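Here are the chains, one letter per residue:
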Amino acid sequence: MAIAILLPVVAGFLILAVRNYYARGAVVILTSLILIANSIFFAIKGPFTYTPGGFNWGLLITILDYGILIFYLYIGFSLRNWLVLIFATTQIIPLAYFEFVMKAHIEVTPAFVVDHLALVMTLIISIIGSLICIFAIRYMRDHEHHLHLEKSKQSRFLFWLVLFLGAMNGLVFANNLVWLYFFWEVTTLCCYQLIAHDRTELAIKNAARALWMNATGGTAFICAIIYLYSTQGGAVALSMQNIIGGALQGSLILLPVALLCYTGCTKAAQMPFQTWLLGAMVAPTPVSALLHSSTMVKAGVYLVLRLAPAFAGTYLSTTIAMVGAFTFFGASALAISQTTGKRVLAYSTIANLGLIIACAGINTPLAIAAAILLIIFHAISKGLLFLCAGTIEHQIWSREIEDMEGLAVKAPLTTLITAIGILSMFLPPFGMLVGKWIAIEAAYVVPLAAVFFVLASTLTIVFWTKWLGRLLQVLPKLGWPIEKLSLSYSIPLWSLLIGIFVVGIGIGPIYQNFLVAATNNVVSGNQIFALGMNNLVLTSTSFIHKEILGIFPVWPLYLILIVALLMPLLLIGLKPTELRAVYMCGEQAGGGAPDTDEWFAEADKVTKFKLGGYYFQDTLGEKRIYPWANAIAILLLIIMIGCGVIVI
Amino acid sequence: MMIKQFLLVFVALVGAPIVGGLLFGIDRRITARLQGRYGPPIVQPFYDFFKLLGKEHIAVSKMQFVWIYGYLVFMITSLIFLVLKSDFLLLVFLLGFAAVSLVLGGFSTKSPYAHFGANRELLQILAYEPVLLLVAIGIYAQNGSFLISEIFKQDKPLLFTLWPLFLAVLYVLTIKMRKSPFDIATSHHGHQEIVKGVTTEYSGPYFALFHLAEWYEIILLLGIISLFWANPLWVGILIALAAFILELLIDNITARMTAGWMVRLSWSVGLILGIANIAYIYFTKGVS
């Protein structure tokens, strides 16, 4: 336990102290390896609970809580940003009220509960997060080299990056809500620091936006804590186990649960909070990769998923399904109009988080299983795609999709990896599609959500295909020299790529050994020891297993993928004599060479032809969609919180 | 059981292109008659196919071959899913892979005509994919399962309750068959301003593969239509054939429209039909 949470903190300070590039890299790699080993050890060991003793950890956390909030106030003052200031104040005053006026006792045993869902999360955080940290070692050097910085800030960057992993581990393990709140704030803080890292005006502005939006979530969190504490009789109510296990008075907990779901939505960048995640794109790419795949936004969906049994069977549940489904739809539509690769990825993340939250709202065992599958596969694929985006950026020094035209010739290896990453986001037999498929199978309980799923998954096809098409657009030419990638780039890339296939093909065993238990933990309100691997809700021989994974022919479909794409790629040879120029109505210039993109335009003037993608800025642009999409999203959030109030 | 399934798959793999090719022959003949021509023999598509196979092997990019294989193989896979009466939703996703492969085949060369065609093909996916997915949900609403085998167990044909979705599927069939008013990405007739659209850069044996995939596709689509009257199946097949003839008529009496119009029409009329259909079943039947 200490390794998962405290090691990153210690390692972080060590990184801050070490000024040498190689020594620092070694510390990062060593930390990563220990974290990965530790998470695998946890996974083998199975669920457990833990309460740290010997030291007044509660006091330390309280002090640090105030430290973070006062730092927010400082940011608010120094940037003259009133929103940050307001929402820092709305957190610090209730917190002070809670601790000094109410004199709350916040001891909860056990302080940490590690169930199967937490195990899945920690595996994702430790493995994928670590790979991204390794990627960042080299990336940040190239980044600073490109910016011609005088003074290196790589140590600071890596410090926050590694610290983030520790905070995330703490977040998924914590059972004490106050501690959960603390880790929540630490992730918000890390996020702010990482987005603002480049210290440009835009970076600081966007970081401040991320801060205040997440601070509204923090405010809702602290309100939920105070409400629970005062209405449910003290510290008993601050245990996550009690909230979801049905130990508290049922109807009274809906309001705090709704508030916590709101908090989850802010962190998961659900509409109308999508702008902070988009703004976060100004940060160096490893930050985006980390925020999108294994940390930060996953904390949001984790919280909602964790709370699922607490709102099961209520209107709140249906509303949450709608909030998520609407975001899935809206963000997918917006992704089509984006011309920047990273923004497409960002909208796709927001969309998929919406899908996961919608699954939590649909709240059947099948939907919960889909949500967990999506969390896993999304983390792998999106982590890979962001790292690809970073690699591409350092090859062409641009993030624009139009500049990526013909990347297949310039960097065939990167293109191949990116192409697999893109295909793995939306096509069978890859894991993301399996998750989406199960989600749609489960969605009929909330038919409107099912309709949104259908529309959104179609829009998803459009924006991914469009992008991949730009990468592949090449002139007739043979011999694509394969580029060299630094080890710090290629190890994470290949690991994640192999991860897509290993986890995708091994979906059956993984489902049986992990996901059944994790789904049971979520659905049953988390009685981790009473309900283990074989319980009543879901067993490995239950309906879902037979009906869903039984039908999904994993091996045959991967085999078909190989026959359809890989074999032609490897086996078909092309001779120079077989190469022809593209059809241009006989108006080709360039003297018969096939690799020409010049033609005789009007008055026989030799002109280069240019091709571009469709972006539909007029119909699907942000300006056009934001006003009404945000209005609907805000309405849905109000209804969501209203659902918590009305029951009382 | 296993042997029977293998046999079924084998029959489908061999039979589908033969029947599909013949259907295309009939298409050309009927279209010719409607236009006051005599038309080619019904087996003309097979002549064309073998002639293309013998042609010279030329290319503009290696990637286009990869994607045309993807198109063919995933089309066949979808057909196998239909024959084995597997999950309908998964079938639609696999069909989506085939369609995406064709689009990427068009994109993977810097050719203006192929590029136009690919963009339009992508818009076609945008137009028909939600309708097909809604059909899957409609089937689930009616039967409580996405399995095609479950459709065959029901006595009451799907058409009785899912007729609005059936209308929407007819519309999808027009798009998928590349018939007017939706012969937008590529066309069987030479009246296109974008040459051969998405297939412009394919020639010889690889163009033959495209035709082969189209033959599988038509059988798959007509198979999906016949699911609307699965018991007894021959009624469904007759309905599918009638739908096929209807498409030919529509093709000959309409003019090609723009891609934007197609998407707007599909996302309004098609989706309203589908959503209203599912909503009706949901409110009358509830969650089964």
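Quick caveat, the model's predicted, so the values are computed rather than measured.

## Describing the overall build of chain A
Part 1 of the reasoning: Scanning chain A from terminus to terminus reveals 26 helices and four strands.
Part 2 of the reasoning: Computed over the C-alpha atoms, the radius of gyration of chain A is 25 Å, within 12% of the 26 Å expected from 2.2 N^0.38 for a compact globule of 648 residues.
Part 3 of the reasoning: C-alpha atoms of chain A, sized along the principal axes, occupy 85 × 60 × 45 Å.
Part 4 of the reasoning: For chain A, the proportion of its 648 residues judged to be buried stands at 57%.
Part 5 of the reasoning: A separation threshold of at least 6 residues defines the contact pool for chain A, and within that pool the share at least 24 residues apart is 80%.

## Focus: the overall build of chain B
Part 1 of the reasoning: Counting secondary structure elements, chain B contains 11 helices and zero strands.
Part 2 of the reasoning: Computed over its C-alpha atoms, the radius of gyration of chain B comes to 19 Å, within 12% of the 19 Å expected for a compact globule of 288 residues.
Part 3 of the reasoning: Along the longest, intermediate and shortest principal axes, the C-alpha atoms of chain B span 55 × 45 × 40 Å.
Part 4 of the reasoning: Classification of the 288 residues of chain B by burial places 56% in the buried group.

## Brief notes about the domain arrangement of chain A
Part 1 of the reasoning: The domains assigned to chain A are domain 1 (2-568 + 613-647) and domain 2 (573-608).
Part 2 of the reasoning: Placing the centre of domain 1 of chain A and that of domain 2 of chain A at their C-alpha centroids yields a distance of 47 Å.

## Describing the environment of Lys-45 of chain A
Part 1 of the reasoning: Locating Lys-45 of chain A in the fold gives a position in helix α2 (residues 21-45).
Part 2 of the reasoning: Along the sequence, Lys-45 of chain A and Leu-119 of chain A sit 74 residues apart, while their C-alpha atoms lie 10.0 Å from each other.

## Remarks on unusual backbone geometry
In most cases, non-glycine residues show a negative phi, while peptide bonds are predominantly trans.
Part 1 of the reasoning: That bond from Met-271 of chain A to Pro-272 of chain A is cis: its omega, 5°, falls within 30 degrees of zero.
Part 2 of the reasoning: Within the secondary structure layout, Pro-272 of chain A lies in the loop between α10 (254-267) and α11 (274-279).
Part 3 of the reasoning: Residue Pro-181 of chain B follows Ser-180 of chain B across a cis peptide bond; omega there is 0°.
Part 4 of the reasoning: Within the secondary structure layout, Pro-181 of chain B lies in the loop between α8 (163-176) and α9 (204-226).
Part 5 of the reasoning: For Trp-397 of chain A, which is not glycine, the phi dihedral falls at a positive 50°.
Part 6 of the reasoning: Position of Trp-397 of chain A among the secondary structure elements: in the loop between α16 (365-396) and α17 (407-410).
Part 7 of the reasoning: Residue Trp-397 of chain A is classed as exposed on the basis of its 9 C-beta neighbours within 10 Å.
Part 8 of the reasoning: Backbone geometry at Arg-178 of chain B places phi at a positive 60°, although glycine is not the residue there.

## Quick notes on α8 of chain B
Residues and elements named next belong to chain B.
Part 1 of the reasoning: Here α8 spans 20 Å end to end across 14 residues, near enough to the 20 Å set by a 1.5 Å rise per residue.
Part 2 of the reasoning: Of all 14 residues in α8, 10 are buried, a share of seventy percent or more.
Part 3 of the reasoning: For α8, the secondary structure elements touched by its buried residues are α5 (112-143), α7 (158-161), α9, α10 (233-253) and α11 (259-285).
Part 4 of the reasoning: Of the residues flanking the end of α8, it is Arg-178, one or two places downstream, whose phi is positive at about 60°.

## Quick word on the confidence of the model for chain A
A low pLDDT means the predicted coordinates there should not be read in detail.
Part 1 of the reasoning: Mean pLDDT over chain A: 84, with 94% of residues reaching 70 or higher.
Part 2 of the reasoning: Low pLDDT (under 50) marks residues 528-543 of chain A, which in the prediction has 26 contacts with non-local residues, meaning those over four places away or in another chain.

## Focus on the packing of α5 of chain B against α8 of chain B
Residue and element names in this part refer to chain B.
Part 1 of the reasoning: Remark: α5 packs on α8, axes separated minimally by 10 Å, with the N-to-C direction vectors making an angle of 145°. As for how α5 packs across α8, the hand of that crossing is left-handed. Residues Gln-124, Ala-127, Tyr-128, Val-131, Leu-132, Leu-134, Val-135 and Gly-138 of α5 form the contact with α8, whose participating residues are Leu-165, Ala-168, Val-169, Val-172, Ile-175 and Lys-176.
Part 2 of the reasoning: Of the residues belonging to the contact of α5 with α8, the class tally is 11 nonpolar, two polar and one charged.

## A closer look at the packing of α16 of chain A against helix α19 (residues 431-442) of chain A
All names here are of chain A.
Part 1 of the reasoning: Contact geometry for α16 and α19: axes closest at 8 Å, N-to-C directions at 160°. Relative to α19, the element α16 lies roughly antiparallel. The interaxial crossing formed by α16 with α19 has left-handed handedness. Mapping the contact onto sequence places Leu-366, Ala-367, Ala-369, Ala-370, Leu-373, Leu-374, Phe-377, His-378 and Ser-381 in α16 and Gly-431, Met-432, Val-434, Gly-435, Ile-438, Ala-439, Glu-441 and Ala-442 in α19.
Part 2 of the reasoning: Of the residues belonging to the contact of α16 with α19, the class tally is 12 nonpolar, four polar and one charged.

## Quick notes on the interface of chain A and chain B
Part 1 of the reasoning: Contacts between the two partners involve 45 residues from chain A and, on the opposite side, 54 residues from chain B.
Part 2 of the reasoning: Among the secondary structure elements, those contributing two or more residues to the side of chain A that touches chain B are α19, α20 (447-472) and α24 (554-571) of chain A.
Part 3 of the reasoning: Of all the elements, α20 of chain A adds the most residues to the side of chain A that touches chain B, at 14 residues.
Part 4 of the reasoning: Here the side of chain A that touches chain B is built from residues that sort into 35 nonpolar, five polar and five charged.

## So, the environment of Ala-203 of chain A
Residue and element names in this part refer to chain A.
Part 1 of the reasoning: Mapped onto the fold, Ala-203 is located in helix α8 (residues 201-231).
Part 2 of the reasoning: Along the sequence, Ala-203 and Val-282 sit 79 residues apart, while their C-alpha atoms lie 6.0 Å from each other.
Part 3 of the reasoning: Sequence-distant contacts of Ala-203, defined by excluding residues within four places in its chain, comprise Ile-195, Ala-196, His-197, Asp-198, Val-282 and Ala-283.

## Comments concerning α11 of chain B
Part 1 of the reasoning: Between its terminal C-alpha atoms α11 of chain B stretches 37 Å, which fits the 39 Å expected from 27 residues at 1.5 Å a residue.
Part 2 of the reasoning: Phi turns positive, to about 75°, at Gly-286 of chain B, one or two residues after α11 of chain B.

## Looking at the confidence of the model for chain B
Part 1 of the reasoning: Residues at a pLDDT of 70 or more form 98% of chain B, whose mean pLDDT is 89.
Part 2 of the reasoning: Among the prediction metrics, the complex's ipTM stands at 0.94, with pTM recorded as 0.93.

## Considerations on the environment of Ile-362 of chain A
All names here are of chain A.
Part 1 of the reasoning: Structurally, the position occupied by Ile-362 is in helix α15 (residues 341-362).
Part 2 of the reasoning: Overall, Ile-362 belongs to the buried group, with 28 C-beta atoms counted inside 10 Å.
Part 3 of the reasoning: Along the sequence, Ile-362 and Ala-37 sit 325 residues apart, while their C-alpha atoms lie 35 Å from each other.
Part 4 of the reasoning: In this structure Ile-362 touches Ala-321, Ala-367, Ala-442, Ala-443, Val-445, Val-446 and Ala-449, once residues within four positions along its chain are discounted.

Rules behind the numbers
- Here the residue numbers are simple positions, counted from 1 along each chain's written sequence.
- Chains carry letters and ligands carry numbers; both start at the beginning, A for chains and 1 for ligands, and go up in the order they are written.
- The predicted origin of the model limits local features to residues at a pLDDT of at least 70 and limits the giving and counting of side-chain atom pairs to 80 or more, whereas totals for whole chains, interfaces and linings rest on all residues.
- Per the convention used, a helix needs a DSSP run of H or I reaching at least four residues, while a strand needs a run of E reaching at least two, with both numbered from the N terminus.
- Note on method: radius of gyration uses C-alpha positions; expected globular size equals 2.2 Å times residues raised to 0.38.
- Counting other C-beta atoms within 10 Å of a residue's C-beta gives its exposure: the residue is buried at 20 or more, exposed at 12 or fewer, and partly exposed in between, where C-beta atoms are placed from the backbone.
- For every residue pair, C-beta atoms are placed from the backbone, and the pair is scored as a contact if these atoms sit within 7 Å.
- Just so you know, the domain bounds were taken from an automatic or database domain assignment.
- Under the convention used throughout, the expected extent of a helix is 1.5 Å for every residue step, that is, one less than its residue count.
- Known as pLDDT, the predictor's per-residue confidence is scaled from 0 to 100.
- Geometry is summarised by axes, namely lines fitted to C-alpha atoms with helices restricted to the contacting stretch, and by angles between N-to-C directions that run from 0 to 180 degrees.
- Each crossing gets its handedness from the near helix: less than a right angle anticlockwise from the far helix is left-handed, clockwise is right-handed.
- Three categories are distinguished: nonpolar for Ala, Val, Leu, Ile, Met, Phe, Trp, Tyr, Cys and Pro, charged for Asp, Glu, Lys and Arg, and polar for the others, with Gly belonging to the last.
- Each angle is binned into one of four classes, with values under 35 degrees roughly parallel, values over 145 roughly antiparallel, values of 65 to 115 roughly perpendicular, and all other values oblique.

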